[in-house]
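Reading the structure
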Amino acid sequence: MDGATPMDASPRVTERLRARVSTADIAAVAAFAVALIVYVRTLLPGVSFGDWAEAEMIPARLGILHPTGYPLYSLLGTLFSVIPIESVAYRANLLSAVAAAGAVAMLVLIAVRLGVRPVIAFAAALALAVTGTIWEEATFSEMNGLHLFIVALLLHRALVWREERRDRDLLIGALLGGLCVSNHGLAITVVPIIILFVLADARREIEARPGLLVTAGVAFTVGLLPYLYLPLRALAGPAEIYGSFLTLEGLFAHISGAQFRGDMHFTSIESVKAAWAALPQVSDHVLALSNPAFVILGFFGIALLVLRDRWFGWMLVLLGVVNVYFYANYLGDLSHYLLTSWLILAIGLAYAGETILGMVVQRGGSRLSWVAYAMFILPAVLLASNWATHDQSANHDGERFTAEVFAALPQDAVLVTYWDALTPLNYTHCIEGVRPDLSLRAYDEKALVTCDPVERPLIDVARRRPVYALLVNDDTIEERTGLVRVPVQDFTLPWGQRYPELERSLYRLVPPDQAP
């Protein structure tokens with residue numbers, strides 16, 4: 001013992017804490033807090049439609065999400081589903097808010113590693129937080145915000161490795177790479193590129209210690225362990241829903257997104273032309289959801305990085321090119337596929353801001369350092385211009401839709417419907433326990449969101465129970481079921497979007513001999 005009293009030790013602990021907590025850390029925490037406050041204030045309060053409603057329901061029921069399975073998101077969603085606040089849907093939406101706010105915080109740390117002042121990095125992070133796509137993804141449940149967060153963690157860890165050359169940073173990066181793959185299939189557009197750049201930078205260390213590469217491979221494999229959830233969950237059944245996951249062929253088909261490959265066009269000359277043709281659309285999209293200052297300064301900053309920091313600059317350029325290429329050649333209208341490009345532009349924005357401030361201070365002296373605070377004009381303008389569009393706090397479309405549909409169905413009815421409508425109806429039916437007398441089933445029987453047993457054939461079911469159909473494309477329902485349609489009531493239905501927009505009819509399906 002050195003005889004120090006608790007009063008003597010306290011200042012030493014405080015000094016050590018201050019040494020460990022930098023201004024950058026404080027700015028990152030502040031960015032996280034501000035972004036999270038905005039996101040929670042504008043969060044969707046209840047159930048959504050389509051994939052978003054599925055992401056609210058499936059983790060809470062320990063189910064399996066649509067391809068590619070998204071096991072890391074599913075497991076985190078399960079944890080959030082037991083938080084004792086609001087509804088299960090709200091908790092799932094909250095996960096998106098937390099993940100997106102985490103990505104905003106990581107931008108601060110990335111920018112500071114590039115030599116950007118914390119105040120400018122903070123302003124750039126706030127600008128990222130309130131751009132359209134990120135704000136939208138932060139207020140609806142899905143795995144996209146988590147994907148962006150892990151991508152930001154990977155970029156930051158790559159910079160930490162380059163600067164500090166510690167083995168543990170390579171291993172942490174490898175683990176993050178595996179987790180990125182476990183969360184979202186879009187990892188294939190990010191993880192291989194970062195791995196290649198880091199391996200090129202680490203070639204001397206790997207040549208000196210080849211075992212380091214093996215250890216990193218083990219860490220990457222550990223990051224893939226969430227995929228074990230899929231077959232383990234399938235073992236619990238029921239077999240008619242999850243049986244395909246118990247074969248390697250079925251499991252790989254789900255993980256690889258085999259059913260969507262017809263929409264993927266990546267390896268032809270036409271795909272290159274499509275990506276080039278999509279550039280004006282991408283530019284218009286980014287401008288519409290931010291403003292010209294964000295875009296121009298973002299590109300300017302990336303160009304400066306390519307000139308001054310070729311390793312990281314070209315990494316960002318390649319990531320951005322691949323990101324746009326995949327966006328253009330898979331459906332071409334999934335705005336969340338551009339999240340990585342938004343992050344890259346925000347890094348460029350921060351670097352451009354630092355460069356401009358450096359020029360101002362060099363010419364006018366340190367007394368002009370206050371100019372850095374002018375950067376906060378940009379997030380303030382974006383916040384004001386995007387608030388009305390992305391404030392979902394009063395959005396109850398999902399609840400209204402499910403209430404209206406359930407009100408139109410008689411006791412003990414069976415409803416056959418399609419994905420975008422089935423997911424909110426099943427959330428309300430299976431999670432909240434509304435209308436337990438009903439049986440909901442998917443028109444596409446590959447859907448994994450039902451909690452009711454599927455009785456077959458439907459024509460026999462229609463002789464015992466009232467059967468209804470609510471579909472967008474209903475021209476083949478009579479041919480496929482052998483039942484006759486009788487119109488009941490019109491509804492406004494969702495179709496691939498977060499809001500209902502198409503007018504369609506609810507039909508009673510009756511055997512031909514009972515048709516009016």
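My aim in this report is to walk through the structure given alongside it, one point at a time. (Residues numbered from 1 in each chain as written. Predicted model: local features only at pLDDT ≥ 70, side-chain atom pairs only at ≥ 80, totals over all residues. Heavy atoms only, no water.)

Core analysis: the largest hydrophobic core is formed by 106 residues, its most contacted members being Y39, L155, F312, M315 and I347. Considering each element in turn, this core owes the most residues, 16 residues, to helix α5 (residues 88-113). Beyond its immediate stretch of four places on either side in the chain, F312 contacts I110, L114, L155, L159, R162 and I347. Within the second largest apolar cluster, 34 residues are counted, among which are A408, Y418, L483 and L493. (Core = buried A, V, L, I, M, F, W, Y, C linked by side-chain atoms within 4.5 Å. Buried < 20%, exposed > 50% of the residue type's maximum accessible area, 1.4 Å probe, protein only. Helix = DSSP H or I, 4+ residues; strand = E, 2+ residues; numbered from the N terminus. Contact = heavy atoms within 4.5 Å.)

This part takes up helix α12 (residues 211-223). Under the 1.5 Å per step criterion, the end-to-end length of α12 is 19 Å for 13 residues, consistent within 8% with the ideal 18 Å. Taken as a whole, α12 has its buried residues at L212, A216, A219 and G223. Projection of α12 onto a plane perpendicular to its axis shows the buried side chains occupying an angular sector of 55 degrees, all on one side. The inward-facing, buried residues of α12 contact α9 (167-183) and α11 (203-208). (Expected span 1.5 Å × (residues − 1). Arc of directions from axis to C-beta.)

Taken as a whole, this structure holds 8 aromatic pairs when the rule is applied. Here the aromatic rings of W311 and F312 are separated by 6.4 Å at their centres, their planes lie at 35 degrees, and the arrangement is tilted. The two residues W311 and F312 agree in class, both being buried. Measuring from ring centre to ring centre gives 6.3 Å for Y325 and F326, while their planes differ by 65 degrees; the resulting arrangement is edge-to-face. Taken together, F122, Y373 and F376 form an aromatic cluster joined through their ring pairs. Lying over the aromatic face of Y443, R480 brings its terminal NZ or CZ to 4.3 Å of the ring centre. The ring of F140 carries R498 above its face, with NZ or CZ at 4.6 Å from the centroid. (Phe/Tyr/Trp six-rings, centres within 6.5 Å; stacked < 30°, edge-to-face > 60°. Lys NZ or Arg CZ within 6 Å of the ring centre and 35° of its normal.)

Before going further, it helps to spend a moment on unusual backbone geometry. Glycine aside, negative phi is the norm for most residues, and most peptide bonds take the trans geometry. Cis geometry marks the peptide bond from P67 to T68, where omega comes out at 20 degrees. Within the secondary structure layout, T68 lies in the loop between α3 (50-57) and α4 (71-81). At Y70, a position not held by glycine, the phi torsion is positive, near 50 degrees. The class for Y70 is buried, based on a relative accessible area of 8%. At R165, a residue that is not glycine, the phi angle is positive and equals roughly 55 degrees. Considering the arrangement of structural elements, one finds R165 in the loop between α8 (144-164) and α9.

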